[in-house]
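# Summary of the model geometry
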Amino acid sequence: GHQKASADLAHKIMKRLKFDNKTISIVEKLVLYHDESLTPQPKQIRRWLSKIGVDNFRLLLWIKRADISGQVPHLKDERLLMIDEVERCMEDILQKGQCFSLKDLDIDGRDLVNLGMEGPMVGRTLRKLLDMVIDEKIENKRPLLVAKAKELMEE
């Protein structure tokens, strides 16, 4: 549980030092996630990109490299190679334009409203569709997403 305690401590210190809220939020996330296990699996990387964004994920990789460099020397090279593989996987995802955020979905809230959805159901449905695309359960193609949205409305 040291990640949460460290993130809380970073938040308090940065507030006291009068950092802006955006910087505090970024640092807090990075401290919270610095010890998470990353593997070069596209689904996992898309999930991380969705969760914290491309720029913050790049920062997280940088922090993990620094953290690894200060750890047990005999495991350092192997762990750094893993981070390199994760970074290559991320770059491949970005180069291919794979979907990992709501703005990347080939459907939006207006489409769902036109189907008859209202209020919070629109956001929940978009999130479910994004999760399905990230997990490769459905392709990011408008006709398929519209059909799945209709299905979800009936549930």
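Scroll up a little and you will see the structure.
Scope of this entry: the structure provided in the associated data block.

How each quantity is defined
Within each chain, residue numbers correspond to sequence positions counted from 1 in written order. The model is predicted, so local features are restricted to residues of pLDDT at least 70 and side-chain atom pairs to those at 80 or more, both for listing and for counting; the totals for chains, interfaces and linings are taken over all residues. Hydrogens and water are ignored here; the side-chain numbers use all heavy atoms of the structure. Helix and strand assignments come from DSSP, with helices taken as H or I runs of at least 4 residues and strands as E runs of at least 2, each series counted from the N terminus. We compute the radius of gyration over the C-alpha atoms and compare it with the globule rule, which gives 2.2 Å times the number of residues raised to the power 0.38. Working definition: with a 1.4 Å probe on protein chains only, accessible area under 20% of the residue-type maximum means buried, over 50% means exposed, and in between means partly exposed. By the convention used here, residues are in contact when the closest approach between their heavy atoms is within 4.5 Å. In this analysis the probe radius is 1.4 Å and the grid spacing 1 Å, with only protein atoms considered; a cavity is a set of points the probe fits into but cannot get out of, a pocket is an open set with protein on both sides within 12 Å along at least five of seven lines, and lining residues have an atom within 4 Å of a point. Grid points are joined across faces, edges and corners, and a volume is the space filled by probe spheres set on the points. The residue classification treats Ala, Val, Leu, Ile, Met, Phe, Trp, Tyr, Cys and Pro as nonpolar and Asp, Glu, Lys and Arg as charged. All others, Gly included, are polar. As used here, the term nonpolar core means buried Ala, Val, Leu, Ile, Met, Phe, Trp, Tyr and Cys residues forming a set that is joined through side-chain atoms within 4.5 Å. By convention, a stacked pair of Phe, Tyr or Trp rings (six-membered ring in the case of Trp) has centres within 6.5 Å and planes under 30 degrees apart, an edge-to-face pair has planes over 60 apart, and any other such pair is tilted.

Turning to the overall build of the chain, a few remarks are in order. What the chain contains, in helices and strands, is eight helices and zero strands. Element order for the chain, N to C, with α for helix and β for strand: α-α-α-α-α-α-α-α. The C-alpha radius of gyration computed for the chain amounts to 19 Å, which surpasses the reference 15 Å derived for 155 residues by more than 25%, pointing to a less compact arrangement than a globule. For the chain, the C-alpha atoms occupy an extent of roughly 55 × 40 × 25 Å along the three principal directions. Counting the 155 residues in the chain, one finds 32% classified as buried. Looking at the chain alone, contacts between residues at least 24 apart form 60% of all its contacts between residues at least 6 apart.

Using the criterion set out here, one finds one cavity of 30 Å³ or more in the structure. Approximately 30 Å³ is the volume found for the largest cavity. Broken down by secondary-structure element, the contributors of at least two residues to the lining of the largest cavity are helix H2 (21–33) and helix H4 (54–69). Broken down by element, the lining of the largest cavity gets its largest block of residues, three residues, from H2. Of the residues assigned to the lining of the largest cavity, the class counts are four nonpolar, one polar and one charged.

Core analysis: the largest hydrophobic core is formed by 18 residues, its most contacted members being Leu38, Ile45, Trp48, Leu49, Phe57 and Leu60. Elements with a contribution of two residues or more to this core: H2, helix H3 (42–52), H4 and helix H5 (73–96). At six residues, H5 tops the list of elements feeding residues into this core. In this structure, Leu38 is in contact with Gln44, Trp48, Phe57, Leu60, Leu61, Lys64, Met82 and Val86, ignoring residues within four places of it in sequence. Of all hydrophobic cores here, the second largest spans 17 residues; its members include Cys99, Met117, Leu126 and Leu152.

Counted by the stated rule, this structure contains one aromatic pair. Between Tyr33 and Trp48, the ring centres sit 5.1 Å apart and the planes meet at 80 degrees, which makes this aromatic pair edge-to-face. Taken together, the residues Tyr33 in helix H2 and Trp48 in helix H3 connect sequence positions 15 residues apart. Taken individually, Tyr33 and Trp48 each receive the classification buried, so the pair is uniform in this respect.

Take the layout of surface pockets next. Over the atoms, a rolling probe the size of a water molecule traces out where space has been left empty. Roughly 240 Å³ of volume is contained in the largest pocket. Looking at the lining of the largest pocket, the elements with two or more residues in it are H4 and H5. Among the elements that take part in the lining of the largest pocket, H5 stands out by supplying five residues, more than any other. Of the residues that constitute the lining of the largest pocket, the class distribution is five nonpolar, three polar and six charged. Looking at the second largest pocket, its volume works out to about 150 Å³. Surrounding the second largest pocket, Arg46, Gln98, Cys99, Val133, Glu136, Ile138, Glu139, Asn140 and Lys141 form its lining. Of the residues belonging to the lining of the second largest pocket, the class tally is three nonpolar, two polar and four charged.

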